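Each chain, letter by letter, is given below.
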Amino acid sequence: MKNLYFKQLLLLSNSQKSANLFEFKKGYNLITANDNSVGKSTLVKLLLWAMGCEPELDGTWKSLDCKVLLHFSINEINYSVLRDANLIYLKEGDKDFIKFTSISGDYSKVFSQLVDFKVLLPDRSEDTQLITPPPAYYFLPFYIDQKRSWAKAWDNFEKLTQLANWNPTVIKYHVGYLQAKHFEYEEEYHIEQKKIKEYMHEVEKIDYALEVVTSHTINAGNTEVTLDSTVFEDMTQEIQKELLDLSNQQEDILNNLSNVMSDKAYLEHQKSLAEHLMKELDKDYVFSVENIDSDEVECPLCGVIHENSLVNRASILSDKEQANEQLITIDSKLKTVNNKIINLRKKSTDIKSKINEINAKYTVTDESKQLQLNEVIETFAYQSIDRNIKETKKEKLLDIEDCKENQKSIKKDQSKLLPKERKDDINNAFMDLLKTYIKILDVEELSLAKVNTPLNYNPIIKEGGAAEGARGILAYYLAIYSLSDMYADEVISPLIIDTPNQQEQSHKNYENIMKLITTKIPSDKQVIMCAMENNILKEYEEQANIINLDKSKLLKKSKYTQIKTIFDEIEG
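Everything in this summary refers to the structure shown in the same document.

What counts, and at which threshold
- Residue positions are given per chain, counted from 1 along the sequence in the order it is written.
- Only residues with pLDDT of at least 70 are given local features in this predicted model, and only at 80 or more are side-chain atom pairs given and counted; all residues enter the totals for whole chains, interfaces and linings.
- Just so you know, side-chain values use all the structure's heavy atoms and leave hydrogens and water out.
- All axes are obtained by fitting lines to C-alpha atoms, using only the stretch in contact for helices, and the reported angles, taken between N-to-C directions, cover 0 to 180 degrees.
- Helix numbering and strand numbering both begin at the N terminus, where a helix is a DSSP run of H or I of at least 4 residues and a strand a DSSP run of E of at least 2.
- Roughly parallel means an angle under 35 degrees; roughly antiparallel, over 145; roughly perpendicular, 65 to 115; everything else is oblique.
- Working rule for handedness: look at the near helix, and if it is turned counterclockwise from the far one by less than a right angle, call the crossing left-handed; if clockwise, right-handed.
- In what follows, a contact means two residues having at least one pair of non-hydrogen atoms within 4.5 Å.
- Exposure categories follow from relative accessible area, calculated using a 1.4 Å probe and restricted to protein chains: below 20% of the type maximum is buried, above 50% is exposed, and the middle band is partly exposed.
- The term salt bridge refers to a side-chain nitrogen of Lys or Arg lying within 4 Å of a carboxyl oxygen of Asp or Glu.
- Take the residue count of a helix, subtract one, and multiply by 1.5 Å to get its expected span.
- Only strands that DSSP links by at least two bridges are regarded as paired with each other.
- Orient the strands so they point away from the viewer; a crossover is then right-handed if the path from the first strand over the helix to the second runs clockwise.
- Among buried residues, the Ala, Val, Leu, Ile, Met, Phe, Trp, Tyr and Cys ones that are joined through side-chain atoms within 4.5 Å form a nonpolar core.

### A short note on the packing of helix H10 (residues 420-440) against helix H12 (residues 466-487)
Packed helices, taken two at a time, are described by their axes: the angle between them and the distance between them. Running from N to C, H10 and H12 point in directions that differ by 140°, and their axes come no closer than 9 Å. Put simply, H10 runs oblique to H12. Classified by chirality, the crossing of H12 by H10 is right-handed. Touching Arg-422, Asp-425, Ile-426, Ala-429, Phe-430, Leu-433, Leu-434, Tyr-437 and Ile-438 of H10 are Ala-475, Tyr-476, Leu-478, Ala-479, Ile-480, Ser-482, Leu-483, Met-486 and Tyr-487, all from H12.

### Things to note about unusual backbone geometry
In the segment running from Asp-498 into Thr-499, the intervening peptide bond is cis, with an omega of -10°. Mapped onto the elements of the fold, Thr-499 is located in the loop between strand E15 (495-498) and helix H13 (507-520). Backbone geometry places Asp-65, a non-glycine residue, at a positive phi of 50°. Mapped onto the fold, Asp-65 is located in the loop between helix H2 (59-63) and strand E4 (66-74). Backbone geometry places Ala-85, a non-glycine residue, at a positive phi of 60°. Relative to the elements of secondary structure, Ala-85 occurs in the loop between strand E5 (77-84) and strand E6 (87-92). Judged by relative accessible area, Ala-85 falls into the partly exposed class, the value being 48%.

### Remarks on the pattern of salt bridges
One pass over the structure, following the stated rule, counts 23 salt bridges. Between Asp-145 and Lys-45 there is a salt bridge whose closest N-O contact spans 2.5 Å. One end of the pair, Asp-145, is in the loop between strand E10 (143-144) and helix H5 (167-175); the other, Lys-45, is in helix H1 (residues 40-51), with 100 residues separating them in the sequence. For the pair shown, Asp-145 and Lys-45 are each scored as buried. For Lys-95, the salt bridge identified is with Glu-92, shortest N-O distance 3.9 Å. Accessibility expressed as a relative area gives 54% for Lys-95, which makes it exposed. Linked through salt bridges whose partners overlap, the residues forming this network are Glu-56, Arg-148 and Asp-155.

### Remarks on H12
With 22 residues, H12 extends 31 Å between its outermost C-alpha atoms, agreeing within 8% with the 32 Å of an ideal straight helix rising 1.5 Å per residue. Along H12, 18 of the 22 residues are buried, which leaves the element largely enclosed by surrounding structure.

### Some remarks on the environment of Asp-84
Locating Asp-84 in the fold gives a position in strand E5. Residues Asp-84 and Leu-12 lie 72 residues apart in sequence; the distance between their C-alpha atoms is 9.7 Å. Not counting residues up to four positions away in its chain, the partners in contact with Asp-84 are Lys-67 and Glu-571.

### Regarding the pairing of strand E16 (residues 527-532)
Of all six residues in E16, five are buried; the element is thus mostly enclosed. Here strand E3 (residues 28-33) runs beside E16; their pairing, made up of six bridges, is parallel. Each residue of the ladder has a partner; that of Ile-31, found in E16, is Cys-530. For the crossover that starts at E15, traverses H13 and ends in the parallel E16, the hand is right-handed.

### Let's talk about the sheet that holds strand E2 (residues 18-23)
A sheet is described by the order of its strands in space; here six strands give the open sequence E2-E1-E4-E5-E6-E7, paired in antiparallel fashion. On the outer flanks of this sheet lie E2 and strand E7 (98-100), each paired with one strand and no other. Across the sheet, the mean angle from the axis of one strand to that of its neighbour is 15°, orientation sign disregarded. H1 rests against strand E1 (4-13), E2, E4, E5 and E6 of the sheet, and its axis sits at about 75° to E4. Contacts between helix H3 (residues 106-114) and the sheet are confined to E4, E5, E6 and E7, with E6 contributing the most and set at about 35° to the helix.

### Considerations on the sheet that holds E10
Across the sheet, five strands lie side by side as E10-E15-E16-E3-E17; this open sheet has parallel pairing. Both outer strands of the open sheet, E10 and strand E17 (545-548), are each paired with one neighbouring strand and no more. Set on the sheet, H1 makes contact with E3, E10, E15, E16 and E17; between it and E16 the angle comes to about 160°.

### With respect to the environment of Lys-404
With respect to the helices and strands, the residue Lys-404 is situated in helix H9 (residues 373-415). With 212 residues separating them along the chain, Lys-404 and Glu-192 place their C-alpha atoms 7.5 Å apart.

### A closer look at the nonpolar core
By size, the foremost hydrophobic cluster in this structure holds 118 residues, and its most contacted members are Phe-6, Leu-11, Phe-72 and Leu-434. With 12 residues, the top contributor of residues to this core is H12. In contact with Phe-6, not counting residues within four places along its chain, are Phe-24, Lys-25, Leu-47, Met-51, Leu-70, His-71, Phe-72, Phe-139, Pro-494, Ile-496, Gln-526 and Ile-528. If you look at the next biggest cluster of nonpolar residues, it comprises 18 residues, including Ile-253, Val-260, Leu-281 and Ile-316.

Rendered as structure tokens:
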């Protein structure tokens with residue numbers, strides 16, 4: 001089993017021009033003093049704060065604007081971590097320091113690898129994404145905080161609520177129910193969950209698109225047109241061909257009709273002139289015959305003076321005959337033109353009839369209304385879009401079902417990682433440890449009727465009086481610590497107890513507490529305990545590295561210059 005050991009902690013406050021250095025050893029460590037409020041609790045909190053945890057530091061200490069440098073080791077490899085507010089510098093062995101600008105994210109991932117804390121938890125901001133929890137979640141079972149832990153288990157640090165529903169998963173990992181492979185499956189499960197969420201989002205967009213299409217084709221959605229795409233394509237090609245032919249024919253007819261109508265207008269004008277000429281020639285002839293006294297006669301049309309002779313009168317008759325022949329010719333041409341017009345108009349009527357036939361051919365009739373060709377096309381377009389959208393939606397829903405099936409398969413494989421036999425072994429070991437520790441602490445009247453797994457800790461917290469309750473909680477914490485050492489795959493952290501003599505324990509009970517700590521914590525572990533000076537601690541003190549704090553508390557001005565140099569070399 002790998003163990004983590006704290007080795008040296010350096011404190012530096014530039015605002016106070018003060019600093020200090022504390023050494024820690026493997027095995028027992030005792031932070032003690034003959035008075036309260038000298039910084040025992042703050043010192044152990046700073047060990048954990050250096051690692052990236054958020055212990056409850058008082059406002060006075062926070063105002064000192066202190067930065068810390070902690071040297072520690074895991075499996076004989078030395079590491080150093082420097083923390084200044086949320087800036088973290090981490091170093092392995094002789095390698096350079098790596099700077100991290102926040103506790104979460106990359107630093108938490110690197111730290112979790114160091115201590116084999118492979119837990120992944122859902123991100124509050126994105127429930128389909130798993131993240132590595134900050135170091136505080138790793139240190140939870142290894143730290144008994146003086147203010148928070150003796151009244152409520154698994155509540156040692158601030159900001160734990162940044163992750164939702166973390167308790168069962170974190171506890172199960174610490175006691176050995178869950179292993180690293182569990183979270184590999186969990187990642188696969190959440191990948192499928194993310195796909196489901198994306199597919200569902202696409203389905204929502206599809207439904208919205210369908211609403212938009214329906215709203216822009218008001219009648220289409222209420223009309224039944226039973227055409228498939230092949231039939232509709234043939235139909236439209238047929239329509240296009242027929243309409244093009246008819247359009248060309250109609251264009252020719254209109255052109256011809258226009259020309260013929262123009263010819264007719266010209267001929268009618270010529271006929272009018274010819275008829276008028278004939279009438280005037282008749283008048284000229286009568287005038288020339290009846291007015292023989294003059295040798296000249298003025299033409300009534302052009303005003304030209306003609307000789308009023310017999311020859312000229314014969315000429316007038318000849319002109320009249322030519323005009324009459326011309327009139328006959330014009331009438332003949334007009335007849336031909338009129339016949340052409342009749343024929344062209346008939347052809348135009350025929351084309352219009354064919355167009356109406358096409359309209360009638362592709363008109364849909366139901367009980368209440370008829371739809372014209374454009375409405376049929378719109379309806380068919382709507383149905384085509386509706387069909388395509390629904391088909392796409394169907395595919396997405398099938399994708400969702402596939403993902404859910406994959407999730408079931410993943411959960412099935414995941415469940416095989418914790419056979420019933422192993423779970424029973426862990427639960428039985430937990431109960432054996434808890435009962436043993438409760439017996440040593442003399443709180444056997446504490447009812448364990450509702451306690452059968454490491455997850456059932458609330459009955460322990462609620463049972464008994466204040467002093468008994470504190471010993472019960474200690475028994476629970478130490479049972480969890482032992483269980484982690486026996487079954488979990490993680491690195492075992494130093495056990496930090498602040499302060500074991502809670503709720504004015506009797507002399508005998510305090511002895512029992514120290515007996516439990518000194519006999520049940522394996523000798524290869526590091527224990528850091530805060531306690532007031534007391535003869536009961538004598539046996540522990542004899543084996544412990546003792547940090548004795550005085551009224552000068554944690555920071556000393558005499559050490560500022562030396563320690564500041566160390567920090568400056570790291571921070572640059």
